[in-house]
Every structure is written in structure tokens, then in C-alpha cells.
Amino acid sequence: MSQFALPLEYRSADGEADFYISEANAAAVAMLDRWPDWPSHTLIVVGPEGSGKSHLLRLFARRHPGAVRVFDDADVSGHDETAMFHAWNAAQAGGPALLVAARTPSGEWNVRLPDLASRLGAAGIVYIDAPDDALLAEIIAKSFRERGLRVSPIVIEYMVQRIERSFAAAASAVAALDAAALAGQRAVTVPLVREALRFGDTADGQERGETE
């Protein structure tokens, strides 16, 4: 795994300034690197909730100030379609490119402006997939760090092999463990993970170092 290290003044939700690249998001990073050679001077980055879309767009905008107009969560109802339509037209006229993030492709959005819908259909699109093991481990480790929790690599490996393979599941699991550790005044160990997340395996405890 490599690191896409770009300077950024982070809010708490963003954590550290390193964006980790794996097979799950490498295509999105590669397409961003092709800027400004995007179809219709517009790129839509599609990925599940918590996949790092917003993080990646902010990193790109920081590296190329003034080069793009960014619209995040574009598939959420109530988004300013008129502003996006004008941004698309400006991009065609040589203005800033249009960079959009959403959980679904534009064809699945409830777009009320027919002209905007047809234009978005001509945009470039790239997907962030569900995380592989390497990226999921980094997401879990980063989430623990953001909460001020130090955990063993054994704990992270144990979680990677058992939680649902999604960004949202990783965030939810870390939040649950943070709460359980605080409530019980305990460190985050494999036994705590098993109890808090209700994993039922018990046979391989000592081999896997479950006191870690």
C-alpha cells in the first residue's frame, strides 16, 4: 500500500494528512491525476458512505486551488441543481472543472433539471470500491487514532477478518469499541472486541494472542 500524502488542514473527521491508496481507490486517484483530461471537464467520484470521497476531493482541491468546483453528496435531495448546471457550463467554457462526489451514479439521482441530467450523463465517472484487507486495516487503525485509542495490530487483524467489508461497518465497530472500553475502563483487546461486537469464536484464543 502506498500513501497519497498531501497537505491539508483537517477537521476532526478527516484525521491525518495521509490518504492511503489500495486497489479499492486506486482507480479514483489515477483518474484525478489525469486532470484536466476529464470527459466534459467533469468527474463524478462514486463510492459508499465513509469511503473517503469527500476527503479525496478536498485533497485534490487543495493541491489545485481554483481549478475545480466541488459538489459533495450530489445525490442527496435538495442539492442546488442550478448551481451545478452553471458549474458544468462554466467548465465547458474553460472555467474550473467540475468535481462531484456521490454514493450512486448520476443516472440514479432524482435530478429535476432535464438539462443537468443529460449533461451529467456525459461526465467521466470513477468508482471507489469496498475496501480490501489492507485498506480496511488502515481505516480501522486511523479511526482508533482519531479517538485517542492505541490498539495492537493483532486487534486490527482480528477485526479485519470478522467485520463486514465496508467503510461504514469499520466506523461503527470502532465507535462501539470506544464506548465499551470507556464504560468498562478497559483497554481495547481481542476479548473486548469479541464481547462488544458479539463475535462467537473462542477456539483459537491463545494462538492468536487474544490478550493483546
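Here the structure is a predicted model, which is why all the values come from computation and not from measurement.

Colleague: I would appreciate a short explanation of the side chain of Ser51 in the present structure.
Modeller: Along the chain, the position of Ser51 falls in the loop between β3 (42-46) and α2 (53-63). Separated by 2.7 Å, the side chain of Ser51 and the backbone oxygen of Pro48 make a polar contact.

Colleague: For this particular structure, what's the right way to read the nonpolar core?
Modeller: Where a protein is soluble and globular, its nonpolar side chains tend to be buried together. Trp38, Leu99, Ile140, Met159 and Val188 are the most contacted members of the largest nonpolar core, which has 46 residues in total. Among the nonpolar cores identified, the runner-up in size contains 15 residues, and Val46, Ala87, Trp109 and Leu120 belong to it.

Colleague: Where do I start with the confidence of the model for the chain in this structure?
Modeller: Detail in the predicted coordinates should be disregarded across regions flagged by low pLDDT. In this model, the chain carries an average pLDDT of 83, and 85% of its residues clear a pLDDT of 70 or more. Across the chain, element-level confidence peaks in β3 with a mean pLDDT of 96 and bottoms out in strand β1 (residues 2-5) with 35. A low-confidence stretch, residues 1-17 (pLDDT under 50), is modelled with 47 contacts involving residues beyond four sequence positions or located in other chains. A low-confidence stretch, residues 202-211 (pLDDT under 50), is modelled with 17 contacts involving residues beyond four sequence positions or located in other chains.

Colleague: Whenever I open this one, helix α1 (residues 26-33) confuses me. Can you help?
Modeller: Every α-helix winds through 3.6 residues per turn, so residues three or four apart in the chain are directed the same way. Burial in α1 covers these residues: Ala28, Val29, Met31 and Leu32. Along the axis of α1, the buried positions cluster into a sector of 160°, meaning they face one direction only.

Colleague: Whenever I open this one, the pairing of strand β4 (residues 68-71) confuses me. Can you help?
Modeller: Every other side chain in a regular strand lies on the same face of the sheet, so the side chains alternate between the two faces. Bridge count for β4 against strand β5 (residues 97-102) is four bridges, and the pairing is parallel. Within β5, the position partnered with Phe71 by the bridge is Val100.

Colleague: Honestly, the packing of helix α7 (residues 167-184) against helix α8 (residues 190-197) in this entry has me stumped. Any pointers?
Modeller: To describe two helices that pack against each other, one gives the angle between their axes and the distance between the axes. For the pair α7 and α8, the least separation of the axes is 10 Å and the interaxial angle reads 110°. Overall, the two elements α7 and α8 adopt an arrangement that is roughly perpendicular. Contacts between α7 and α8 involve Ala173, Ala176, Leu177, Ala180 and Ala181 on the former and, on the latter, Leu192, Val193, Ala196 and Leu197. Partitioned by chemical class, the residues of the contact of α7 with α8 number nine nonpolar, no polar and no charged.

Colleague: Which parts of the structure should I look at to understand the pattern of salt bridges?
Modeller: When charged atoms on two side chains of opposite charge get close, those side chains can pair. This model, assessed by the stated rule, comprises six salt bridges. We note a salt bridge from Arg165 to Asp133, for which the minimum N-O separation is 2.6 Å. Of this pair, Arg165 sits in the loop between α6 (153-160) and α7 while Asp133 is found in helix α5 (residues 133-146), placing the two residues 32 residues apart along the sequence. The closest approach of N and O atoms between Arg147 and Asp178, which form a salt bridge, is 2.8 Å. Highlighted residues: Arg147 in the loop between α5 and α6 and Asp178 in helix α7, separated in sequence by 31 residues. The exposure class assigned to Asp178 is buried, which follows from its relative accessible area of 19%.

Colleague: Where do I start with the sheet that holds strand β6 (residues 124-127) in this structure?
Modeller: Pairing between the strands of a sheet is mediated by backbone hydrogen bonds and can be parallel or antiparallel. Taken in spatial order, the four strands of this open sheet run β4-β5-β3-β6, and their pairing is parallel. This sheet does not close on itself; its edge strands, each paired only once, are β4 and β6. For this sheet, the mean inter-axis angle between neighbouring strands, taken without regard to orientation, is 20°. Summarising the sheet, β3 and β6 pair through four bridges and their orientation is parallel. Note on β6: the bridge partner recorded for Leu43 is Gly124.

Here is what the cut-offs are and how they apply
Residue numbers restart at each chain and count upward from 1, following the sequence in its written direction. In view of the model being predicted, local features appear only for residues whose pLDDT reaches at least 70, and side-chain atom pairs are presented and counted only at 80 or more, with totals across whole chains, interfaces and linings using the full set of residues. Note: side-chain values were computed over all heavy atoms of the structure, leaving out hydrogens and water. Counting from the N terminus, the helices are DSSP H or I runs at least four residues long and the strands are E runs at least two residues long. Distance and chemistry together define a polar contact, namely a pair of N or O atoms within 3.5 Å, with one atom able to donate a hydrogen and the other to accept it when in protein, and with adjacent residues in sequence counting only for side-chain atoms on both sides. In plain words, nonpolar cores are sets of buried Ala, Val, Leu, Ile, Met, Phe, Trp, Tyr and Cys residues tied together by side-chain atoms within 4.5 Å. Burial here depends on accessible area, computed with a 1.4 Å probe over protein chains only, as a share of the maximum for the residue type. Under 20% is buried, over 50% is exposed, and the range in between is partly exposed. Values of pLDDT, the confidence the predictor places in each residue, fall between 0 and 100. The contact criterion used is simple: two residues touch if any of their non-hydrogen atoms lie within 4.5 Å. Directions pointing from the helix axis toward each C-beta atom define the arc. Pairs of strands are assigned from DSSP output, requiring at least two bridges between the strands. Interaxial angles span 0 to 180 degrees and are taken between N-to-C directions of axes, which are lines fitted to C-alpha atoms, for helices over the stretch in contact. For this classification, under 35 degrees means roughly parallel, over 145 means roughly antiparallel, 65 to 115 means roughly perpendicular, and everything else is oblique. All amino acids are sorted into three groups, where Ala, Val, Leu, Ile, Met, Phe, Trp, Tyr, Cys and Pro are nonpolar, Asp, Glu, Lys and Arg are charged, and the leftover types, Gly among them, are polar. By definition, a salt bridge exists where a carboxyl oxygen of Asp or Glu is found within 4 Å of a side-chain nitrogen of Lys or Arg.

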